[in-house]
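Chain by chain, the residues:
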There are 2 protein chains.
Amino acid sequence: MTDTPSFLDEADGTREEIMKATFHALCEYGYKDLTIQHISDEFGKSKSLLYYHYDGKDDLLLDFLDFMLERFEDQIPYPEGGSAADHLDELLDQVLFDPRSSDFHGFAQAMVELRAQGAHDAEFREHFTRSDEFIRKQIARIIRKGIDEGVFRDVDSRRTATLLQTIIVGTMTEQMTTDDDRFEAIRDETDRYLQRCVLADE
Amino acid sequence: MTDTPSFLDEADGTREEIMKATFHALCEYGYKDLTIQHISDEFGKSKSLLYYHYDGKDDLLLDFLDFMLERFEDQIPYPEGGSAADHLDELLDQVLFDPRSSDFHGFAQAMVELRAQGAHDAEFREHFTRSDEFIRKQIARIIRKGIDEGVFRDVDSRRTATLLQTIIVGTMTEQMTTDDDRFEAIRDETDRYLQRCVLADE
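Residues numbered from 1 in each chain as written. Chains lettered and ligands numbered in written order. Predicted model: local features only at pLDDT ≥ 70, side-chain atom pairs only at ≥ 80, totals over all residues. Heavy atoms only, no water.

Some thoughts on the confidence of the model for chain A
Residue and element names in this part refer to chain A.
Argument step 1. The predicted model of chain A averages 92 in pLDDT, with 97% of residues at 70 or higher.
Argument step 2. Taken element by element, the predicted model of chain A shows its lowest mean pLDDT in helix 1 (residues 6–9) (76) and its highest in helix 9 (residues 157–177) (97).
Argument step 3. At the level of chain-chain contacts, confidence expressed as ipTM amounts to 0.94, with global pTM at 0.94. (pLDDT = per-residue confidence, 0-100. Helix = DSSP H or I, 4+ residues; strand = E, 2+ residues; numbered from the N terminus.)

Re the environment of B:Phe183
Residue and element names in this part refer to chain B.
Argument step 1. Checked against the element boundaries, Phe-183 lands in helix 10 (residues 183–198).
Argument step 2. For Phe-183, a relative accessible area of 15% puts it in the buried group.
Argument step 3. Counting along the chain gives 128 residues from Phe-183 to Asp-55, while the straight-line C-alpha distance between them is 39 Å.
Argument step 4. With residues near it in sequence (within four places) discarded, Phe-183 still touches Leu-96, Phe-97, Asp-98, Thr-171 and Gln-175. (Buried < 20%, exposed > 50% of the residue type's maximum accessible area, 1.4 Å probe, protein only. Contact = heavy atoms within 4.5 Å.)

Focus on the interface of chain B and chain A
Argument step 1. With 51 residues of chain B in contact, the opposing surface of chain A contributes 51 residues.
Argument step 2. For the chain B and chain A pair, buried surface summed over both sides reaches about 4500 Å², with 54% attributable to carbon and sulfur atoms.
Argument step 3. It is B:His120, B:Arg159 and B:Glu189 in chain B that bury the most area against chain A; as a group they hold 14% of the surface buried on that side.
Argument step 4. The tally of links from chain B across to chain A stands at 10 salt bridges.
Argument step 5. The salt bridge partner of A:Arg136 is B:Glu174, with a shortest N-O separation of 3.1 Å.
Argument step 6. Here chain B and chain A share 25 residue pairs in polar contact (both at pLDDT 80 or more) between them.
Argument step 7. If you list the elements that add at least two residues to the side of chain B that touches chain A, you get helix 2 (13–33), helix 7 (105–117), helix 8 (122–149), helix 9 (157–177) and helix 10 of chain B.
Argument step 8. Looking at which element gives the most residues to the side of chain B that touches chain A, the answer is helix 9 of chain B, with 15 residues. (Buried area = accessible area lost by both parts, 1.4 Å probe. Salt bridge = Lys/Arg side-chain N within 4 Å of Asp/Glu carboxyl O. Polar contact = N/O pair within 3.5 Å; in protein donor to acceptor, adjacent residues only side chain to side chain.)

Section: the packing of aromatic side chains
Between two aromatic rings, the relevant description is the distance of the centres plus the angle of the planes.
Argument step 1. Under the definition given, this model contains 13 aromatic pairs over all chains.
Argument step 2. Look at A:Tyr193 and B:Tyr193: their rings are 6.0 Å apart centre to centre, the planes differ by 85 degrees, and that puts the pair in the edge-to-face class. Residue A:Tyr193 is located in helix 10 (residues 183–198), and its partner B:Tyr193 is located in helix 10; the two belong to separate chains.
Argument step 3. Exposure remark for A:Tyr193: the relative accessible area of 0% places this residue in the buried category.
Argument step 4. A centroid spacing of 6.2 Å and a plane angle of 80 degrees characterise the contact between B:Phe64 and B:Phe107, whose relative ring orientation is edge-to-face. One end of the pair, B:Phe64, is in helix 5 (residues 57–75); the other, B:Phe107, is in helix 7, with 43 residues separating them in the sequence.
Argument step 5. We classify B:Phe64 as buried; its relative accessible area is 0%.
Argument step 6. A connected cluster of aromatic rings, assembled from ring pairs, spans A:Phe23, A:Phe64, A:Phe97, A:Phe104 and A:Phe107.
Argument step 7. The ring of A:Tyr31 carries A:Lys57 above its face, with NZ or CZ at 4.3 Å from the centroid. (Phe/Tyr/Trp six-rings, centres within 6.5 Å; stacked < 30°, edge-to-face > 60°. Lys NZ or Arg CZ within 6 Å of the ring centre and 35° of its normal.)

Observations concerning the pattern of salt bridges
Argument step 1. Tallied over the entire structure, the rule returns 40 salt bridges over all chains.
Argument step 2. With its nearest N and O atoms 2.7 Å apart, the salt bridge here joins B:Arg115 to B:Asp132. A residue pair is termed long-range when its members are at least 10 positions apart, and B:Arg115 in helix 7 and B:Asp132 in helix 8 qualify at 17 residues.
Argument step 3. One salt bridge in this structure joins B:Arg158 and B:Glu133, with 3.1 Å as the shortest N-O distance. Separated by 25 residues along the polypeptide, B:Arg158 in helix 9 and B:Glu133 in helix 8 bring together distant segments of the chain.
Argument step 4. Classification of B:Arg158 by relative accessible area gives partly exposed; the value is 31%.
Argument step 5. Its relative accessible area of 18% is what places B:Glu133 among the buried residues.
Argument step 6. A single salt-bridge network, built from bridges that share partners, covers A:Glu133, A:Arg136, A:Arg158, B:Glu174, B:Asp180 and B:Arg182.

Right, here's the structure in full:
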């Protein structure tokens, strides 16, 4: 069971209600088995209203991905006070988590399937290019702040952020497409990498 | 265009011919648009022969994944002589490459889609559990050899192999589902991780 994210609890207006219905239908059926009918059943209004706004399932899902990315962007705070090391930890807790042990399971399964559409579909690829770049930029900004503060080594911030973003995508993909649970080992070894390669010597 | 792997060039017998036809049809159409008819067209024999051997598209693709994994396993040499550091480099060249710049592009696109089936399908998930574990074991074995030789630090070989396997999956997934090319940065930063966290000080 996947919990409703708080920003969807107070769905206000037609688009937000469609987005909420899409979220629940997607978590229940996954990408492959999802139909406009399933979304319409969740929505409680006729399919024709969905077809009035969207060309079809993929068009609706692309708008859904944009909608979710905008909310996600709002949830990532711009760190003002505090140390860069703490900010990096906080950000990693938000993006490098175990999708299995969270209320997020059904949504994470669907996200892995939606991302895979990018292999053959330019519009999905464009979305994931944008969302990956958003996270990469946040990480790189925190690393630059840490270098300025002298708490991080003088590393290449973009390159470090790129590897961390690859670990985030790899973790989500592996945890959702295999039966072995590797999360603890991944997170521990990522921390060891940060300790030895990014954080300055004490 | 994806080249035929050498072991499929000399396809011998019905199963190998079906596997070769599946390889080409999958590279051309991807998972979602692939039909038994496409495979039968490549195969040059009737669809009924395919249905005699397989229950349908997914059943055939699961056999195809097994077939490819067996061949891949045979290609990974058991390193006897030479140093563990060289073996690790050689293995990473085979599994952490840029799928875009290789003849492997169409196949890599299809593999990302096939892996994503594991999000909702236990049989695909079982396959990718097995194939990920195969690579993880190879990496861990080389790391243990390097520790014994004194050329690697006394690291947790399983944990190190787990992070490398996550980077491999993340690289394949990101390179195939986004438009930005991040391969060089990923590989360079992975080398920096190996240098600082795995290889012993000179």
